[in-house]
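Listed below, chain by chain, are the residues.
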Amino acid sequence: MKVLVTGGAGFIGSHFVEFFLREYSDSTVVNLDCLTYAAHPDTVDRLGQIGGNRYHFYKMDIGDPQVAQVLKAHHIEAIVNFAAETHVDRSILDPQAFVRTNVLGTQNLLQSARKAGNLRFVHVSTDEVYGSLEPQDPTFTEQTPLSPNSPYAASKAGADLLALASQRTYQQDIVITRCTNNYGPYQFPEKLLPLIIANALEDKPIPVYGDGKQVRDWIYVEDHCRGIDAVLRKGKSGEVYNISSSAEVPNLEIIKKTLALLKKPESLITFVGDRPAHDRRYGLNPEKIKNELGWKPKYNLEQGLQLTVDWYRQNRSWWEKVRDQEYFKYYQANYQPKGSKTGEVTS
Ligand SMILES: NC(=O)c1ccc[n+]([C@@H]2O[C@H](COP(=O)([O-])OP(=O)(O)OC[C@H]3O[C@@H](n4cnc5c(N)ncnc54)[C@H](O)[C@@H]3O)[C@@H](O)[C@H]2O)c1
């Protein structure tokens, strides 16, 4: 299969590209990413080494009309859309960027897919579109009405609705996945787990919002990628599939578990003021993808956490590079991945 992956230089997208190239030796992946701050400078070259001539990279915005030409030039059969602004705190400071990429960018991709001949389109979304649960509530199903609370979640919900509307209006071949909190190697250290690990390894305070009792549902990133692959190959057009390992844990507890694995003291925990409109609990019901597509997670939380902690211990230079803001700004401004195409589409 020839697949266009958007946002493939980010955390989950890069795992998906690697998984896809390794799992399917006859596949071709075109990675389209505009390399925001969330794209690690080393990722594109690392994926290039794995994929060889089955891998192509375009430094391009998903909102760029030239996306249609990339689809045509590579005879793309399916799109998996990961590209997004993803950090909730940043969405509170600058919602505009989230609307631009997550809503308008997705709309441009939907339109480009249609022009290119109704390609299969997997839109990667999040449990945050459902809003927040109370402790006693049942978990979210695909039928739960959308009720997003942050600008990030609202922009993702907007994109989900545009994708579903395109399927119904133009009979486009579109499926949506909604997943819980991912963790694993190569996650940018502004997100909770890598932030805990990196700060703990540097003996720095670990900031905890509010009372730390917010519950999140955790999934190891490789399990998410396998779920997306199942939906790409077997998902029914127009359907939404929740992806979850059913591992609901309060933030404070996951921080304590991680500190214990790192053999670091709980005294590093520092409570800070809560985030506005902070959702109390997320929990997803994954029965549909399990029953209809045969997906199930391979990793439980203990296994996934151990793998993650080991990776961050062994790859300090990866996360130290992006924590050094001055270096990172310089690198980003000057960075041009090997063999990448910027702007013009040739083949
Ligand atoms: N991280 C999670 O826990 C989680 C959970 C559920 C769903 N998701 C969804 O999965 C997707 C990927 O999340 P992630 O955590 O890997 O994100 P990330 O922030 O690590 O990576 C996002 C990538 O998208 C690229 N990008 C941003 N704007 C772009 C644009 N306009 N054009 C082209 N590329 C652009 C960035 O350069 C980056 O490489 C997102 O759609 C997110 O909503 C994430």
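Residues numbered from 1 in each chain as written. Predicted model: local features only at pLDDT ≥ 70, side-chain atom pairs only at ≥ 80, totals over all residues.

A. Expanded view of the overall build of the chain. Summing up its helical and strand segments, the chain has 13 helices and 13 strands in all. For 347 residues, the compact-globule estimate of 2.2 N^0.38 gives 20 Å, and the C-alpha radius of gyration of the chain, at 19 Å, lies within 12% of that figure. In terms of overall dimensions, the chain has C-alpha extents of about 55 × 45 × 35 Å along its principal axes. Here the chain holds 347 residues, and 46% of them are scored as buried. Restricting the contact set of the chain to residue pairs at least 6 apart, pairs at least 24 apart contribute 83%. (Helix = DSSP H or I, 4+ residues; strand = E, 2+ residues; numbered from the N terminus. Rg over C-alpha atoms; globule rule 2.2 N^0.38 Å. Buried ≥ 20, exposed ≤ 12 C-beta atoms within 10 Å, placed from the backbone. Contact = placed C-beta atoms within 7 Å.)

B. Region of interest: the site of the ligand. Taken together, 30 residues sit near the ligand, with Gly-7, Gly-10, Phe-11, Ala-38 and Ala-84 positioned nearest. Broken down by secondary-structure element, the contributors of at least two residues to the shell around the ligand are helix H1 (11-23), helix H5 (95-115), strand E5 (120-126) and strand E7 (181-183). In terms of residue count, the dominant contributor to the shell around the ligand is H1 (3 residues). In the shell around the ligand, the residues fall into 14 nonpolar, 12 polar and 4 charged. (Near = placed C-beta within 6 Å. Nonpolar A, V, L, I, M, F, W, Y, C, P; charged D, E, K, R; others polar.)

C. How the structure looks around the nonpolar core. Grouped together as the largest cluster of nonpolar side chains are 76 residues, with contacts concentrated most on Leu-4, Phe-16, Ile-79, Val-80 and Val-122. Ranked by residue count, the leading element in this core is helix H8 (residues 221-234), at 6 residues. Setting aside anything within four residues of it in sequence, one finds Ile-79 in contact with Leu-4, Leu-109, Ala-113, Leu-119, Phe-121 and Val-122. Membership of the second largest hydrophobic core comes to 10 residues, among which are Phe-140, Ala-154, Ala-157 and Leu-284. (Core = buried A, V, L, I, M, F, W, Y, C linked by C-beta atoms within 7 Å.)

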